[in-house]
Each structure stands twice: as C-alpha cells, then as structure tokens.
Amino acid sequence: MPELVPFPVTPPPVPCPCCCQWLFQAVFPGAGCVLTSSHSFRAGGAPPGVDPEAFSWFQAVDTDGSGYISVKELRAALVNNNWSAFDTDTCVLMLNLFDRSGSGRMDVCGFSALLRFIQQWRSLFQQYDRDQSGSISFEELQQALSQMGYRLSPQFSQLLLSRYAPRSSSPSIQLGRFIHICLQLQSLTDAFREKDTALAGTVRLGYEDFLTMVVTRML
C-alpha cells in the first residue's frame, strides 16, 4: 500500500467536498477573513485577513463585478509556467475546494486562500522540475511521487502522464495538472486507507462499494 511521508513543502490537506470551511481554517488559521453583508469591499480596502495584493487581483478577475469568481473567471486568472491557462477540470476542483458557501462561486476570502495554496504547490513543483523546463517529465513525476511516499510502478506513472499530459512525443505536465494529480492521489489513498483497516495493502470490495469509494473521492 502506498504510504505517505511528509512533503518537502507540506501542501494543504484534501477535504471532502463538504469540508471546505475546515480546509480554509486548517490551512490558513491566521487568515481570519470575514465577510458580512455590511462590508462593501469595493468601496473600501481589502476585508480583514485578505492580502491587499490578492484583493486587487480578485477585483481584476471578477470581471462581472458580482463579488464572486466563477469557473470561467478563475480559468482566466490561473496560468501555468508556460503561460497556458489551467484546464477547466482543475479550475473546477480549485473552486470546489475554496467555495465556502457551496454556491459554485468563490468569494474574496476563498480566492486569497487559493492563491497561497497554489503558491505552496508551485514551490513544490519547482523542486521536482529538476531541469527547470517549466514542466514535469515522466522521470520527474516518478521521482516526485516516490519522494512523496507513493510506492507506485513506472507503468502507473506512465498511465498518469498519458491521462493528464497533452499528447506529445515527450509528454510532460504543467503545474495545474500536477496539482490535480497529487490531490486526486491523496484523496483516493485516504479512501483506500479507510477500507484497509488492517494496513495489509489490500482490501475486498463489492462492485458498488468500489464505485461509491471512487465517486465520492473523485475531485
């Protein structure tokens, strides 16, 4: 069974979809971001606990002036090292993790937290991008997963690459996809551990139990 060891730069934990408030508080306990109906942040400065730079960026990204960021607006804001946009699936994942209201949109507090979250992952990504190419190759991905504590075969790493990397003679993954892969692996590993109570590395599952585990843990 893949066992996780501490990350060189500890990324935030992956919550279930209903635990976004817990995620925000656990990752950024000092943020203290509070929005109230009486707080008109467009007329003044950033809300308490929100970095002013993140606030300015939020206002630029919130193109419709709604006070919230949609998936479309988020995708226009997040870029990989090669200046390509994060893919839509990863943006949906990010929004779901930091949508504290469950409305399908992200407020300024969630956006500020998301920026710090991505910066942590960017630092980790750069550590594993050994040749500083701006993307993660098969060898770098295999090494990254190994150092994170996953004992996975080269064949599985190749499967991940073929699933998440653009088709190419030398496929590699950008930052957004790297985050997506790591969060998905962590979530599914946690689900497996819940079933593997004996820590044997194997579990017996009925067909529907298997489907339920995957569907509830797919981010």
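Now for a quick tour of the structure. (Residues numbered from 1 in each chain as written. Predicted model: local features only at pLDDT ≥ 70, side-chain atom pairs only at ≥ 80, totals over all residues. Heavy atoms only, no water.)

**Here's the deal with the overall build of the protein**
Link 1 in the chain: Of regular secondary structure, the protein possesses 9 helices and 0 strands.
Link 2 in the chain: If you list the helices and strands of the protein from N to C, you get α-α-α-α-α-α-α-α-α.
Link 3 in the chain: Partitioning the contacts of the protein with sequence separation of at least 6, the portion at a separation of at least 24 is 56%. (Helix = DSSP H or I, 4+ residues; strand = E, 2+ residues; numbered from the N terminus. Contact = heavy atoms within 4.5 Å.)

**Here we look at unusual backbone geometry**
Glycine aside, a negative phi is what most residues show, and trans is what most peptide bonds show.
Link 1 in the chain: A positive phi angle, close to 70 degrees, is found at Trp83, a residue other than glycine.
Link 2 in the chain: Checked against the element boundaries, Trp83 lands in the loop between α3 (71–77) and α4 (88–98).
Link 3 in the chain: Of note in the backbone geometry, Leu199 takes a positive phi value of approximately 55 degrees without being a glycine.
Link 4 in the chain: Mapped onto the fold, Leu199 is located in the loop between α8 (175–195) and α9 (207–217).

**Looking at the pattern of salt bridges**
Link 1 in the chain: Per the counting criterion, the structure on display carries 3 salt bridges.
Link 2 in the chain: Residue Asp107 is joined to Arg100 by a salt bridge in which the shortest nitrogen-to-oxygen separation is 3.2 Å.
Link 3 in the chain: Classification of Asp107 as buried rests on a relative accessible area of 13%.
Link 4 in the chain: With its nearest N and O atoms 2.5 Å apart, the salt bridge here joins Arg217 to Glu194. In this pair, Arg217 sits in helix α9 while Glu194 sits in helix α8, placing the two residues 23 residues apart along the sequence.
Link 5 in the chain: By relative accessible area, which is 15% here, Arg217 ends up buried.
Link 6 in the chain: Glu194 gets classed as exposed once you look at its relative accessible area, which sits at 53%. (Salt bridge = Lys/Arg side-chain N within 4 Å of Asp/Glu carboxyl O. Buried < 20%, exposed > 50% of the residue type's maximum accessible area, 1.4 Å probe, protein only.)

**Details of the environment of Val71**
Link 1 in the chain: Examined against the element boundaries, Val71 turns out to sit in helix α3.
Link 2 in the chain: Looking at Val71, the relative accessible area reads 23%, which means it is partly exposed.
Link 3 in the chain: Measuring from C-alpha to C-alpha, the distance between Val71 and Arg105 comes to 7.3 Å, with 34 residues separating the pair along the chain.
Link 4 in the chain: Those residues in contact with Val71, other than ones at most four positions away along the chain, are Thr88, Cys91, Val92 and Leu95.

**Quick notes on the packing of α8 against α9**
Link 1 in the chain: Their axes nearest at 9 Å, the elements α8 and α9 cross at an angle of 145 degrees. In this structure, α8 meets α9 at a crossing whose hand is right-handed. Every residue of α9 that contacts α8 at Gln184, Ser187, Leu188, Asp190, Ala191, Phe192, Glu194 and Lys195 is listed here: Met213, Val214 and Arg217. (Axes fitted to C-alpha atoms, helices over the stretch in contact; angles between N-to-C directions. Left-handed = near helix turned anticlockwise from the far one by under 90°.)

**Some details on the layout of surface pockets**
Leftover empty space is mapped by rolling, across the atoms, a probe with the size of a water molecule.
Link 1 in the chain: For the largest pocket, the calculated volume is near 520 Å³.
Link 2 in the chain: The wall of the largest pocket is formed by 20 residues, among which Phe156, Leu160, Gln184, Leu185 and Leu188 lie closest to the centre.
Link 3 in the chain: Of all the elements in the fold, those that place two or more residues in the lining of the largest pocket are α7 (154–164), α8 and α9.
Link 4 in the chain: The element that contributes the greatest number of residues to the lining of the largest pocket is α8, accounting for 6 residues.
Link 5 in the chain: In the lining of the largest pocket, the residues fall into 16 nonpolar, 3 polar and 1 charged.
Link 6 in the chain: Approximately 270 Å³ is the volume found for the second largest pocket.
Link 7 in the chain: Taken together, 14 residues make up the lining of the second largest pocket; nearest its centre are Trp57, Leu115, Arg116, Ile118 and Gln119.
Link 8 in the chain: If you list the elements that add at least two residues to the lining of the second largest pocket, you get α2 (52–61) and α5 (108–128). (1 Å grid on protein atoms, 1.4 Å probe; cavity = no way out; pocket = protein on both sides within 12 Å on 5 of 7 lines; lining within 4 Å. Points joined across faces, edges and corners; volume = space filled by probe spheres on them. Nonpolar A, V, L, I, M, F, W, Y, C, P; charged D, E, K, R; others polar.)

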